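Report on the structure
In case you want the letters, here they are:
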Amino acid sequence: MTPTVRHAPGTPKLLLGDYEIADLGYRDDEYFVSGTASAYSLVGDCGPDGRWDAAPSGEADYAIRIVVLRPSDAATFNGTVVVEWLNVSGGIDAPAIWFMAHRELVRQGYLYVAVSAQQVGIEGGTSLGMDMSLKKQDPERYWHLSHPEDAFSYDIFTQVGRLVRADPQLLGGLQPEHVVAAGESQSAMFLTTYVNAVDPLVRVYDGFLIHSRFGPAARLDGKSIFAAPADSAPDAVRFRSELRVPLMTVLTETDVVGGVRPGYHLARQPDNERLCCWEIPGTAHADNYTIQVSRIDSGDAPLADLVAAYSPTDSLMGQQLPHYINFAPQHHYVLQAAIEALHRWVRTGAAPPPAPEIELTDTDPRSLVLDENGLAKGGVRTPWVDVPIARTTGIGTAESPLSHLFGSGEPFDAGTLARLYPGGVDDYLERFTAALDAGIGSRFLLPADREEILALAAATFPRDR
């Protein structure tokens, strides 16, 4: 049965940024989507190989919202729709992929659809933050929404994907050529289960971007990831070997090593014709870009404002830490390159470049292998780890789950900078530029970001130490 779709005039509750969407050359429209969704049950075991067989089991009515961001000028639409499973770990519908990579989405003319796929985002529930659900934020606008439970989230996400394909009016009359699914952190864990158990049955999306997923996958019965795992649930789950469409997964050091959750290293598997994994050294699950830079990064923000937002901070959402959180920029820039790589893969069949794994010790528990500057070896190489001015990592501290997820960072002292760059800023920029161009040549960074990256590098080199 086709869901019912109703346009909702007014401003949606979706935390995109401090900039105006219209200033990006986009417009936003909110729609209420209601229908009947199925849950799924496993047929057999949920083994670590990801080959999970599932079958529909029970139905429930739902009413959720989606937000559609589309180019104001239809001629700039590039033909691909990115459908994001919104992240609810903080107690609010958070567009994590948009936060981290909206600059690439906008400049290339993607159409973006945000889906309130999980119950917490609408009704409230268990999370790492306070209740900022839609009904809590604006009961007058959202009182009529209803989410049965997360066991039905998988089919709700499928139904939205089908709507995007079948209803051009939902997209302002634009007709998509390709529709890809995306999600980060908790949403990535749910999408891992979607890929393994649901996608073989429904065959809706043309590709997947699964970002920062850790080792485990979400449960098919929809139980919270913060609940005690089922006795039968493996600590780590690989993607099923016979993937139907291209899947790009991008991991930070936090995700690979683990801590709050078992690390992705337990689920590692070789790339194949439909799987590509990039692990980014020097990065954390979340960082300065997530909470400070993204909200002002419209593409027109003054360089001085970006530099200030990237500045090291030991304050994390009201909590004072004994160290800086991770302030490295490469997470943002590499994820933008991953979007371009997945887009090219889906459209042309040309696979992304492979990347080595981040190097880990053979000890138990496994830890990062560090170079002489204290930065992780292996992985996707960028100038921030090959020509560094700071030691950044995905390894945080245990003050809270958030402090673990935000990693840590430490600027080099004057003696270290003098040893590494005896010629000062000119020496640094020459080597940084060479490393940047190598990263662009390897397609781990985008040519469109080169000028901005170089400007940031020049502005952030410490000249007064």
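Okay, so let's go over this structure. Since we're looking at a predicted model, the values are computed, not measured.

**Things to note about the overall build of the chain**
- When helices and strands are tallied, the chain shows 15 helices and 13 strands.
- Here the chain, with 465 residues, has 59% of them falling under the buried criterion.
- For the chain, the proportion of contacts with a sequence separation of at least 24, taken over those separated by at least 6, is 76%.
- If you sum the accessible surface of the chain, you get close to 17700 Å²; carbon and sulfur atoms cover 51% of it.

**Side note on the environment of Val-113**
- If you trace the backbone, Val-113 turns up in strand β5 (residues 111-115).
- Along the sequence, Val-113 and Val-67 sit 46 residues apart, while their C-alpha atoms lie 5.6 Å from each other.

**What about helix α9 (residues 303-310)?**
- Among the residues of α9, Leu-306, Val-307, Ala-309 and Tyr-310 are the ones counted as buried. One face of α9 carries all of its buried residues, which in axial projection span an arc of 165°. Exposed side of α9, more than 90 degrees from the buried face: Ala-304 and Ala-308 are the residues found there.
- Those residues of α9 that are buried lie in contact with α8 (288-293), α10 (330-348) and α15 (450-460).

**As for the packing of helix α14 (residues 424-441) against α15**
- With their axes 11 Å apart at the nearest point, α14 and α15 run at an angle of 155° to one another. With respect to their mutual orientation, α14 and α15 come out roughly antiparallel. For the pair α14 and α15, the sense of crossing is right-handed. Residues Tyr-428, Leu-429, Phe-432, Thr-433, Leu-436, Asp-437 and Ile-440 of α14 touch α15, and the partners they reach there are Arg-450, Ile-453, Leu-454, Ala-457 and Ala-458.

**As for the packing of α9 against α15**
- In the contact formed by α9 and α15, the axes pass within 10 Å of each other and the chain directions differ by 65°. Judged by the angle between their axes, α9 and α15 are roughly perpendicular. Relative to α15, α9 is oriented so that their crossing is right-handed. On α15, the residues touching Leu-303, Leu-306, Val-307 and Tyr-310 of α9 are Glu-452, Ala-455, Leu-456, Ala-459 and Thr-460.

**Focus on empty space enclosed by the protein**
- In total, this model carries one cavity of 30 Å³ or more according to the counting rule given.
- As for the largest cavity, its lining consists of Thr-80, Val-82, Ile-97, Leu-105, Tyr-110, Val-180, Ala-182, Leu-209, Ile-339, Leu-342 and His-343.
- At the level of elements, β4 (80-85), α1 (96-107), β6 (178-184) and α10 are the ones that each hand at least two residues to the lining of the largest cavity.
- Per-class residue counts for the lining of the largest cavity are nine nonpolar, two polar and no charged.

**So, the sheet that holds strand β9 (residues 275-280)**
- An order of β1-β2-β3-β5-β4-β6-β7-β8-β9 is seen for the nine strands of this open sheet, with the pairing classed as mixed. Whereas interior strands pair on both sides, the edge strands pair on one side only; in this sheet they are β1 (4-8) and β9. The mean inter-strand angle of the sheet, taken between neighbouring strand axes irrespective of direction, is 20°.
- Relative to strand β3 (residues 54-71), strand β2 (residues 26-42) runs antiparallel, the two being bridged by 16 bridges. Looking at β3, one finds that Asp-28 is bridged to Leu-69.
- Set on the sheet, helix α6 (residues 186-202) makes contact with β2, β3, β4, β6, β7 (207-211) and β8 (247-252); between it and β7 the angle comes to about 155°.
- Along the sheet, α10 makes contact with β4, β6, β7, β8 and β9, crossing β9 at roughly 170°.

**Quick word on the pattern of salt bridges**
- Throughout the structure, instances matching the rule amount to 23 salt bridges.
- Where Arg-347 meets Glu-177, a salt bridge forms, and the shortest distance between an N and an O atom there is 3.2 Å. A residue pair is termed long-range when its members are at least 10 positions apart, and Arg-347 in helix α10 and Glu-177 in the loop between α5 (153-166) and β6 qualify at 170 residues.
- Classification of Glu-177 as partly exposed rests on a relative accessible area of 48%.
- For Asp-437, the salt bridge identified is with Arg-450, shortest N-O distance 2.7 Å. Separated by 13 residues along the polypeptide, Asp-437 in helix α14 and Arg-450 in helix α15 bring together distant segments of the chain.
- Overall, the relative accessible area of 31% leaves Arg-450 in the partly exposed class.
- Look at the salt bridges and you will find they share partners, linking Glu-30, Arg-65, Asp-93 and Arg-141 into a network.

Rules used in this analysis
- Residues numbered from 1 in each chain as written.
- Predicted model: local features only at pLDDT ≥ 70, side-chain atom pairs only at ≥ 80, totals over all residues.
- Heavy atoms only, no water.
- Helix = DSSP H or I, 4+ residues; strand = E, 2+ residues; numbered from the N terminus.
- Buried < 20%, exposed > 50% of the residue type's maximum accessible area, 1.4 Å probe, protein only.
- Contact = heavy atoms within 4.5 Å.
- Areas by Shrake-Rupley, 256 points an atom, 1.4 Å probe, with all protein chains shown as cover.
- Arc of directions from axis to C-beta.
- Axes fitted to C-alpha atoms, helices over the stretch in contact; angles between N-to-C directions.
- Parallel < 35°, antiparallel > 145°, perpendicular 65-115°, else oblique.
- Left-handed = near helix turned anticlockwise from the far one by under 90°.
- 1 Å grid on protein atoms, 1.4 Å probe; cavity = no way out; pocket = protein on both sides within 12 Å on 5 of 7 lines; lining within 4 Å.
- Points joined across faces, edges and corners; volume = space filled by probe spheres on them.
- Nonpolar A, V, L, I, M, F, W, Y, C, P; charged D, E, K, R; others polar.
- Pairing = 2+ DSSP bridges.
- Salt bridge = Lys/Arg side-chain N within 4 Å of Asp/Glu carboxyl O.

Any functional reading would require information that these geometric values do not contain.
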